[in-house]
Amino acid sequence: MKYMSKVVIHLGVYFIVLWCVYWCLIGQIMEGQDINRHERHNGPGRESQGENTGESRDKNTGESRDRNIGESQDKNIGDGQDKHTEKTQDKNREESEDKNNETSALLENRLTPAQQMLGGVAVQYKVGVADCREAFSRQFDFNEVNLLNSKLSGSYLGNKFYKQATKNCSYFIQSRGYITHHLSEDERNFPIAYSILVFKNAEMAERLLRAIYRPQNYYCIHVDKKSPRPFYEAMVGIAGCFSNVFLTARRVDVRWGTYSVLEPELLCMQELWRFRSWRYFINLTGQEFPLRTNYELVKILRALNGSNDVTGSLKHNFTKRWRGTKPPHGIRPVKGSVHITVNRHFVDYILHNETARDLLNWTRHTDLPDETFFATLNFNPQLGIRGTFNGDPETRSYISRYKIWYSNTARCAWRFVRRVCVLTTGDLPLLEHSKHLFANKFYLHTDRLVIGCLEEKLFNTSRDQALGLLEFDAGYYRRLQSVISQVV
């Protein structure tokens, strides 16, 4: 019994010792966790105890303060430098954008729809085989022209191309580089009506249309009745891609020197009349090309202030053309040209006035009525047609057409055909300084480069004018005698 009591006592002591050891170990573990937790949160030695506690606290506090101050200073300095750098970069960026805004506007993202459109078609107007600026500054001899044109010989576009390409009008308009934006409010508010008489060479006709095309204008095309069917189909395809381009409902077999030359012009006037917004009418043929941009044409037509541009002469009146007859209503016959730039009142008079109808019937029985009808109406001020000329026909300038007629002193870089110079690249320096609106005449199969350089110049000028980089002074046209002495 005594033995069992001793065993129980020893076991009790043993368990008490184990219990104490256990809780000592637990206490150390918990203390270690607390220390680690404080170190992670406050830094090492923040709450350590012992004989060096104060020294450690002072040391750690000083190091922490220095580190915080240094970090704060570095951060402030860094933030200041970053902000300064950002401001400097922003300023440089703005200055760079301002500097390049004029010269690189077509490459920026902040473009107007007109500028974006111009940038998209620019490649279509670049002549790669020659420097057109040089061609405008000096006269190329014909050997140079032939050499350069030989590099362009593979680019001819025929009737089949246009018939096929115009099946997809959106692609055709884009790939051919048409300017489908009015470009300026002044242009949008001043539509122009055109007649274009064509007989052959679809590419030349299409490039003429492309050069003068704007969505606010109107274009009437007459295809000669004797033109080959493939050519007619090509023109049908081209016109069908635009809502403001159309072919005459009736076609005429045009014969030089007869009323048939004048008749297609009258057909187009009739079909264009239904569009009420245009203010001026300009007639063209398929072998002509513009010397002015649409913006410049609008400025010039505004400067004309309602006056007409029709050439006429009494000195060179060939009375034998009248075949011994006289015009009705005491009208004085005047010899002139079929090429005209006239206001809407003039067209209205032609289409709806009885006197004009009587004069037209008289011209049917004369020679070259196209050179008589328009000129006679424009130089008989007693008819009271607004914009016609009240003065001596010989004293006025003529701007509608640049045309070199054969004479002993005439300068023609290539040669004359039917007494008219066929214009080529060698004539570009003279065309560069001309005040005329259009030039006559061009043979695309003879010289493609001259048309390419005119296209490039017109496009570049149109682009710069649309960007506001280039202005046009129409002062010369305001001072024309036809403006000063017009019937009002």
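Computed from a predicted model, the values in this text were never measured in an experiment.

Novice: Is there a simple way to think about the pattern of salt bridges in this case?
Specialist: Note on pairing: side chains with opposite charge can pair once their charged atoms come close. Under the defined criterion, the tally for this structure stands at 27 salt bridges. A salt bridge links Glu 134 to Arg 138; its shortest N-O distance comes to 2.8 Å. The exposure class of Arg 138 is partly exposed, given its relative accessible area of 31%. With its nearest N and O atoms 3.1 Å apart, the salt bridge here joins Lys 163 to Glu 233. Taken together, the residues span a long stretch of sequence, with Lys 163 in helix H6 (residues 159-165) and Glu 233 in helix H10 (residues 229-239) at a distance of 70 residues. Look at Lys 163 and you get partly exposed, because its relative accessible area is 45%. What emerges from the salt-bridge pattern is a single network uniting Glu 203, Arg 207, Arg 210, Arg 448 and Glu 455.

Novice: Is there a simple way to explain the pairing of strand E1 (residues 192-198) in this structure?
Specialist: Each regular strand carries side chains that alternate between the two faces of the sheet. By the criterion of burial, E1 is predominantly enclosed, with seven of the seven residues buried. Burial along E1 is two-sided: the residues Ile 192, Tyr 194, Ile 196 and Val 198 and Ala 193, Ser 195 and Leu 197 are all buried. Both E1 and strand E4 (residues 280-285) contribute to a ladder of six bridges, which runs parallel. Each residue of the ladder has a partner; that of Ile 196, found in E4, is Leu 284. One ladder, built from six bridges, connects E1 with strand E2 (residues 218-223); its direction is parallel. Across the sheet, the residue bridging to Ala 193 is Tyr 218, located in E2.

Novice: I tried to follow the environment of Leu 291 on my own but got confused; where do I start?
Specialist: Inspection of the secondary structure assignment puts Leu 291 in the loop between strand E5 (288-290) and helix H12 (294-304). Once residues lying within four places of it in the same chain are set aside, the contact partners of Leu 291 are Glu 296, Tyr 402, Leu 431, Ser 434, His 436, Leu 437, Phe 438, Ala 439, Leu 454 and Leu 458.

Novice: Is there a simple way to think about the packing of helix H3 (residues 113-121) against helix H17 (residues 448-466) in this case?
Specialist: Across the interface, H3 lies against H17 with an axial gap of 10 Å and an inter-helix angle of 160°. With respect to their mutual orientation, H3 and H17 come out roughly antiparallel. Helix-helix and strand crossings are classified by hand; for H3 and H17 the assignment is left-handed. From H3, Gln 115, Leu 118 and Val 121 reach across to H17, where they touch Phe 459, Arg 463 and Ala 466. Taken together, the residues of the contact of H3 with H17 break down into four nonpolar, one polar and one charged.

Novice: Which parts of the structure should I look at to understand the state of the cysteines?
Specialist: Linking two cysteines covalently through their sulfur atoms gives a disulfide. Overall, the coordinates contain four disulfides when judged by the stated rule. One disulfide in the model links Cys 169 with Cys 241; its S-S distance is 2.1 Å. With the S-S bond torsion at -75°, the cross-link from Cys 169 to Cys 241 turns out left-handed. Here Cys 169 is found in helix H7 (residues 169-175), whereas its partner Cys 241 is found in the loop between H10 and strand E3 (245-247), with 72 residues between them in sequence. A residue is classified by how much of its surface remains accessible, and Cys 241, at 11% relative accessible area, is buried.

Novice: Can you walk me through the sheet that holds E2 in this structure?
Specialist: By definition, the strands of a sheet pair up through backbone hydrogen bonds, in either a parallel or an antiparallel sense. In spatial order, the strands read E3-E2-E1-E4-E8; together these five strands make up an open sheet with mixed pairing. Of all strands in the sheet, those with a lone pairing partner are E3 and strand E8 (341-343), marking the two edges. Averaged over all pairs of adjacent strands, the angle between their axes in this sheet comes to 20°, without regard to strand direction. Against the sheet, helix H9 (residues 202-212) touches E1, E2, E3 and E4, its axis set at about 170° to E1.

Novice: Is there a simple way to explain the sheet that holds strand E9 (residues 401-402) in this structure?
Specialist: Sheet architecture is open: three strands sit in the order E5-E12-E9, paired in mixed fashion. At either margin of the open sheet sits one strand with a lone partner, and together these are E5 and E9. Sheet analysis places E5 next to strand E12 (residues 438-440), joined by three bridges and oriented antiparallel. In the strand pairing of E12, Glu 288 is matched with Asn 440.

Novice: Just to check I follow, could you spell out the packing of aromatic side chains for this structure?
Specialist: Both the distance between ring centres and the angle between the ring planes are used here to describe each pair of aromatic rings. A complete count under the given rule lists 21 aromatic pairs for this structure. A ring pair is formed by Phe 190 and Tyr 280, whose centres lie 6.4 Å apart and whose planes are at 20°; its orientation type is stacked. Taken as a pair, Phe 190 in the loop between helix H8 (185-188) and E1 and Tyr 280 in strand E4 lie far apart in primary sequence, 90 residues in all. Given a relative accessible area of 3%, Phe 190 falls into the buried group.

Novice: Hey, could you run me through the nonpolar core in this one?
Specialist: A general feature of soluble globular proteins is that nonpolar side chains tend to end up buried together. Phe 172, Tyr 194, Met 235 and Phe 242 are the most contacted members of the largest nonpolar core, which totals 47 residues. Not counting chain neighbours up to four residues away, the residues in contact with Met 235 comprise Val 198, Ala 202, Ala 205, Ile 221, Val 223 and Leu 247. Within the second largest apolar cluster, 37 residues are counted, among which are Ile 331, Val 347, Leu 351 and Trp 362.

Novice: What should I look at first to understand the confidence of the model for the protein chain in this one?
Specialist: A low pLDDT means the predicted coordinates there should not be read in detail. For the protein chain, the mean per-residue pLDDT works out to 83, and 77% of the residues sit at or above 70. With pLDDT under 50 throughout, residues 21-89 is counted as low confidence; its partners more than four residues away or in other chains account for nine contacts.

Novice: What's the story with the environment of Ile 300 in this structure? I'm lost.
Specialist: Among the secondary structure elements, Ile 300 is positioned in helix H12. Overall, Ile 300 belongs to the buried group, its relative accessible area being 0%. Separated by 137 residues in sequence, Ile 300 and Leu 437 place their C-alpha atoms 9.0 Å apart. Apart from the residues within four sequence positions on either side, Ile 300 is in contact with Arg 292, Ile 399, Leu 437, Phe 472 and Tyr 477.

About the cut-offs
Residues numbered from 1 in each chain as written. Predicted model: local features only at pLDDT ≥ 70, side-chain atom pairs only at ≥ 80, totals over all residues. Heavy atoms only, no water. Salt bridge = Lys/Arg side-chain N within 4 Å of Asp/Glu carboxyl O. Buried < 20%, exposed > 50% of the residue type's maximum accessible area, 1.4 Å probe, protein only. Helix = DSSP H or I, 4+ residues; strand = E, 2+ residues; numbered from the N terminus. Pairing = 2+ DSSP bridges. Contact = heavy atoms within 4.5 Å. Axes fitted to C-alpha atoms, helices over the stretch in contact; angles between N-to-C directions. Parallel < 35°, antiparallel > 145°, perpendicular 65-115°, else oblique. Left-handed = near helix turned anticlockwise from the far one by under 90°. Nonpolar A, V, L, I, M, F, W, Y, C, P; charged D, E, K, R; others polar. Disulfide = S-S within 2.5 Å. Phe/Tyr/Trp six-rings, centres within 6.5 Å; stacked < 30°, edge-to-face > 60°. Core = buried A, V, L, I, M, F, W, Y, C linked by side-chain atoms within 4.5 Å. pLDDT = per-residue confidence, 0-100.

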